[in-house]
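# Observations on the three-dimensional arrangement
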Protein chains: 2
Amino acid sequence: MDKIILASQSPRRRELLTQIGLDYQVIPSTVEEVITETDPKLVVQELSRQKAEDVAGSVLRDRIMREQWEKDTVEAENGREGILVIGADTVVSYQGQILGKPVDTDDAVRMLSMLQGNAHSVFTGVTLIRRGLKETWQVTFAEETRVHMYPMTEAEIRWYVGTGEPMDKAGAYGIQGLCARFVEKIEGDYNNVVGLPVGKIWQELKKRCRSSQKEGIADGTERIRA
Amino acid sequence: MDKIILASQSPRRRELLTQIGLDYQVIPSTVEEVITETDPKLVVQELSRQKAEDVAGSVLRDRIMREQWEKDTVEAENGREGILVIGADTVVSYQGQILGKPVDTDDAVRMLSMLQGNAHSVFTGVTLIRRGLKETWQVTFAEETRVHMYPMTEAEIRWYVGTGEPMDKAGAYGIQGLCARFVEKIEGDYNNVVGLPVGKIWQELKKRCRSSQKEGIADGTERIRA
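Residues numbered from 1 in each chain as written. Chains lettered and ligands numbered in written order. Predicted model: local features only at pLDDT ≥ 70, side-chain atom pairs only at ≥ 80, totals over all residues. Heavy atoms only, no water.

Going by what an unreviewed UniProt entry lists, chain A is known as dTTP/UTP pyrophosphatase and is assigned to Candidatus Pullilachnospira stercoravium. UniProt lists a comment for chain A under the heading Cofactor (unreviewed entry), and it reads "a divalent metal cation". Checking UniProt for chain A, the heading Function (unreviewed entry) contains the comment "Nucleoside triphosphate pyrophosphatase that hydrolyzes dTTP and UTP. May have a dual role in cell division arrest and in preventing the incorporation of modified nucleotides into cellular nucleic acids." (UniProt positions renumbered as here; feature names shortened; annotations may be inferred.)

Right under this line is the structure:
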């Protein structure tokens, strides 16, 4: 069974992994993000890859962590034990503009004024890096969810920004918070908007973890523990 | 400002009202549900109406609650103070069959075996009953959300039923729980699947609460308190 490492400090991503019953450890990436793409679907994949590779690299560079990992890995029967690093990045895209986290309250008001009464896309890019003695793989993908928002009055936007909820979130809103008042409907994975497409991640793990298949995880009958 | 009464014991409905910043009191309905409709969209409206009317009736029949309400109502400037009762009912519909809560684990396995790998509809019916000295209204509506599930193996279904999560939920799954592993995408309001379409409810309150408009609630700038 793999040790899962979440390369993100987002409390919402942590909650989602917990929600689907996974144990994990958090090691946030400290890499400086470099964006070379312009298509939001590619940008989030690029950033998720940088974060996951940064953390996977530092885990395997760290002497103590590496020794522990090798010990676990060698000890585990059939060399099943490995690490699985999950990196993710989320942006909002509206009419060709990429919206990250607002820089200040004016920026949050600007973003919400654009998004209210309209539909936009949320892209989350995910990179999974699995390192084991017998099996190593890496996969990057992006999920898109369309979000339709009800019209918001100026006063509603100012009230909402005043609650502070928008300030640390891509597109200046939290679908899992107060902003649920203003969300009409979505098309796609809700958790992708929250920050991590856990359905797709689970399916990728089912498909790819040869070790997990041996362990019965592919049948959903066991937990992957950290 | 209205006292909000949720005519439901569902912890998930409570969490959703809290999430969008509403204060409320819980008075579960004890009415015996009578279903005369067959269309799921009408069934949930019928049941939500029975629950909300039962609770609104008992609140106004109860001497102490009635006195308190009249006192609040008369004291409140312009007679703004009223009660707002929210009743709701949720069912899952798959190929013409209505799925409520499973009666036992075999029933849960049967439901999940139907839903896995397919798309189904979740209907939540909502009745809002507002009683005030100057303004009284009642509205019933239903929201539909389509849910697409990934294929599940027999072992996954057995594991999931074994966690106990399906047992108190319409259609034998909780989208906000472990079942997120198996949900591919949705079309509609996610919170409608959880049990309460809070976006639509908020918009109805904005539109209908004349008193709220005076209070600025229509601008989203104030909380409605219980």
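In this assembly, 37 residues from chain B lie in contact with 36 residues from chain A. Counting each side, the surface lost to burial between chain B and chain A is near 2,900 Å², with a carbon and sulfur contribution of 51%. Ranking the residues of chain B by area buried against chain A places Gln 19, Arg 181 and Tyr 190 of chain B at the top, with a combined share of 22%. Linking chain B to chain A there are two salt bridges. Of the charged contacts, one joins Lys 206 of chain A and Glu 156 of chain B as a salt bridge, the two residues approaching to 3.0 Å between their closest N and O atoms. Here chain B and chain A share 12 residue pairs in polar contact (both at pLDDT 80 or more) between them. Listed by contribution, the elements that provide at least two residues to the side of chain B that touches chain A are helix H5 (154–162), strand S7 (183–188), helix H6 (190–194) and helix H7 (198–208) of chain B. For the side of chain B that touches chain A, the residue count by class is 16 nonpolar, 11 polar and 10 charged. (Contact = heavy atoms within 4.5 Å. Buried area = accessible area lost by both parts, 1.4 Å probe. Salt bridge = Lys/Arg side-chain N within 4 Å of Asp/Glu carboxyl O. Polar contact = N/O pair within 3.5 Å; in protein donor to acceptor, adjacent residues only side chain to side chain. Helix = DSSP H or I, 4+ residues; strand = E, 2+ residues; numbered from the N terminus. Nonpolar A, V, L, I, M, F, W, Y, C, P; charged D, E, K, R; others polar.)

This part takes up the side chain of Lys 206 of chain B. Tracing the sequence through the fold places Lys 206 of chain B in helix H7. Take Lys 206 of chain B: its relative accessible area is 17%, and that puts it in the buried class. A distance of 3.0 Å separates polar atoms of two side chains, one belonging to Lys 206 of chain B and the other to Glu 156 of chain A. (Buried < 20%, exposed > 50% of the residue type's maximum accessible area, 1.4 Å probe, protein only.)

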